[in-house]
There are 2 protein chains.
Amino acid sequence: MSASADLGSSDEDYRLAAIDLLGAIAYGELSAFERLVEDAKMAPGIDDKIAIGAMATAEFGHLQKLVARIAELGADPAAAMQEFRASFEAFHAHTAPADYYEGLIKAYVGDGLAADFYREIAAYLDAETREVIIASLEDSGQTAFIVDRVRAGIAEDHRLGGRLALWGRRLMGEALTQAQRVAGDRDALTALLAGGVDRPGLDLAALGRMFTRLTELHTARMAELGLEA
Amino acid sequence: MSASADLGSSDEDYRLAAIDLLGAIAYGELSAFERLVEDAKMAPGIDDKIAIGAMATAEFGHLQKLVARIAELGADPAAAMQEFRASFEAFHAHTAPADYYEGLIKAYVGDGLAADFYREIAAYLDAETREVIIASLEDSGQTAFIVDRVRAGIAEDHRLGGRLALWGRRLMGEALTQAQRVAGDRDALTALLAGGVDRPGLDLAALGRMFTRLTELHTARMAELGLEA
């Protein structure tokens, strides 16, 4: 099956936008995998290291499906991912966790926010690409471990809750800054969101509603951790 | 099925030795997983990062079977692994790779040597534990990537071959130092290797032959990389 048959659209701009989005998600998962393993070094015990390792390997498994889909669309996966390397590295450089708890929150809140955002955008893509993206964002259920650890930490030391709430807001701010920068740089992606003659797009009102939904989901995740958003 | 029924021996010393060995291999794989991902940061391109991530997640998959077997034998996996944490951390502290190539050689030669050693010792264990260990040591085939990269690097710069050959010898020396230290500390493990009334053991001559085999396999691996051992 050729790439264009897959897409249900012969629009070359569309293909480039889909590759862009897949490349962004794939690099995001690769860098999340690396950071998770690195942050696991701060874990107090071996049980925690094993739990985080399981989360990281699940993340890496998702990556492989995205890479396969980029290749199916006729692009070089490494090149597609490379386009987003600087943005993600900047995000991680600005959000290096100071301790184990900040690393846990970053994994939970950061990955959750990214997943919500990609899921929103995936709605504008062809069915096959959308399915690969949705499957790649599935929570492997291991995040319950993070909720337990963070709640236990706050129960032990109430000041921790205040610090981690601030940290969650900072993560949200840094993520939005990087997302805006990427959107400004990537013409194909922006054009996809704006829609076309035969495709519905996001107008300003729809964009506003999307941010409202993202913020609500972020608030719910913070509450799950016992934190104010 | 109870632990003792599993073992085909009611010997408590035997059970402790098996748990010790599984704990050592499991911590070794956990730390190899963490170091592989860390060393992947030095990878020049995204293709290499993906290849190394795949090796690391395969390593983590093995770990989970070992953890399950330790629990089956009635021990706490994290506690069994903790016993070997200091030794492995000392090994890694003494063998921090200075560049990407040193990291690749460490993954290939270090993991290969550890696997050969554990395979030798597994011969003295019950069939079920032996099978879990042998399965956990299986090469997932991704090491061909390392051989390619190292050979290409040496073809480009011949001085690299000399430096990496020295590095391989250093890894061998550090591994033997740590293995000897562990063997001296762990009575149950030493007793297992010495054998018992109803179990054959390693005498000094057999130990000598084992080291000859390990050295030969190490030399073969170095040759595969295009390096003198």
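Residues numbered from 1 in each chain as written. Chains lettered and ligands numbered in written order. Predicted model: local features only at pLDDT ≥ 70, side-chain atom pairs only at ≥ 80, totals over all residues. Heavy atoms only, no water.

Identification of chain A as tRNA-(MS[2]IO[6]A)-hydroxylase (MiaE)-like from Nocardioides exalbidus is taken from an unreviewed UniProt entry.

### What about the interface of chain A and chain B?
Taken together, the contacts link 25 residues of chain A with 25 residues of chain B. Between chain A and chain B, the buried area comes to about 2,200 Å², and carbon and sulfur atoms account for 70% of it. Joining chain A to chain B, the criterion identifies 4 salt bridges. A salt bridge links Glu34(B) to Lys49(A), with the shortest nitrogen-to-oxygen separation between them at 2.9 Å. Across the contact surface, chain A and chain B share 4 residue pairs in polar contact (both at pLDDT 80 or more). Listed by contribution, the elements that provide at least two residues to the side of chain A that touches chain B are α2 (12-39), α3 (46-72) and α4 (77-82) of chain A. Sorting elements by how many residues they give to the side of chain A that touches chain B places α3(A) first, with 12 residues. Of the residues assigned to the side of chain A that touches chain B, the class counts are 15 nonpolar, 4 polar and 6 charged. (Contact = heavy atoms within 4.5 Å. Buried area = accessible area lost by both parts, 1.4 Å probe. Salt bridge = Lys/Arg side-chain N within 4 Å of Asp/Glu carboxyl O. Polar contact = N/O pair within 3.5 Å; in protein donor to acceptor, adjacent residues only side chain to side chain. Helix = DSSP H or I, 4+ residues; strand = E, 2+ residues; numbered from the N terminus. Nonpolar A, V, L, I, M, F, W, Y, C, P; charged D, E, K, R; others polar.)

### Details of the environment of Leu22(A)
All names here are of chain A. By secondary structure assignment, the location of leucine 22 is in helix α2. Classification of leucine 22 by relative accessible area gives buried; the value is 0%. As for leucine 22 and arginine 169, which are separated by 147 residues in sequence, their C-alpha atoms are 27 Å apart. What leucine 22 contacts, discounting residues up to four positions off in sequence, is Leu66, Arg69, Ile70, Leu73, Thr129 and Ile133. (Buried < 20%, exposed > 50% of the residue type's maximum accessible area, 1.4 Å probe, protein only.)

### Section: the relation of the copies chain A and chain B
Once turned by 180° and shifted 0.0 Å along the axis, chain A lies on chain B with an RMSD of 0.0 Å. Here the symmetry operator amounts to a two-fold rotation axis. No C-alpha of chain A approaches the rotation axis more nearly than that of Thr57(A), which lies at 2.7 Å. Of the interface residues in chain A, 100% have counterparts in chain B that sit at the interface too, so the contact is made through matching surfaces. (Least-squares fit on C-alpha atoms with pLDDT ≥ 70 in both.)

### Comments concerning the packing of aromatic side chains
One pass over the structure, following the stated rule, counts 9 aromatic pairs over all chains. Each member of the aromatic cluster is reached from another via a ring pair, and the members are Phe33(A), Phe60(A), Phe33(B) and Phe60(B). (Phe/Tyr/Trp six-rings, centres within 6.5 Å; stacked < 30°, edge-to-face > 60°.)

### Let's talk about empty space enclosed by the protein
Enumeration over the complete set of coordinates arrives at 3 cavities of 30 Å³ or more. A volume near 50 Å³ is recorded for the largest cavity. Along the walls of the largest cavity sit Leu36(B), Asp39(B), Ala40(B), Ile52(B), Met55(B), Tyr100(B), Gly103(B), Leu104(B), Ala107(B) and Ile146(B), which together make up its complete lining. Only α2 (12-39), α3 (46-72) and α6 (100-122) of chain B provide two or more residues apiece to the lining of the largest cavity. For the lining of the largest cavity, the leading source of residues is α6(B), giving 4 residues. For the lining of the largest cavity, the residue count by class is 8 nonpolar, 1 polar and 1 charged. Its volume calculated, the second largest cavity comes out at about 40 Å³. Around the second largest cavity, the lining residues are Glu34(A), Val37(A), Glu38(A), Lys41(A), Glu34(B), Val37(B), Glu38(B) and Lys41(B). Elements represented by at least two residues in the lining of the second largest cavity include exactly α2 of chain A together with α2 of chain B. (1 Å grid on protein atoms, 1.4 Å probe; cavity = no way out; pocket = protein on both sides within 12 Å on 5 of 7 lines; lining within 4 Å. Points joined across faces, edges and corners; volume = space filled by probe spheres on them.)

### A look at the pattern of salt bridges
Going through the model one piece at a time under the given rule, you end up with 30 salt bridges over all chains. Among the salt bridges present, the one from Arg69(B) reaches Glu72(B), with a minimum N-O distance of 2.6 Å. Highlighted residues: Arg69(B) and Glu72(B), both in helix α3, separated by 3 residues, approximately one helical turn. Here Asp157(B) ties to Arg159(B) by a salt bridge, and the two come within 3.4 Å at their closest N and O atoms. Given the relative accessible area of 30%, Asp157(B) is considered partly exposed. When salt bridges that share partners are traced, they join Arg69(A), Glu72(A), Asp126(A) and Glu128(A) into one network.

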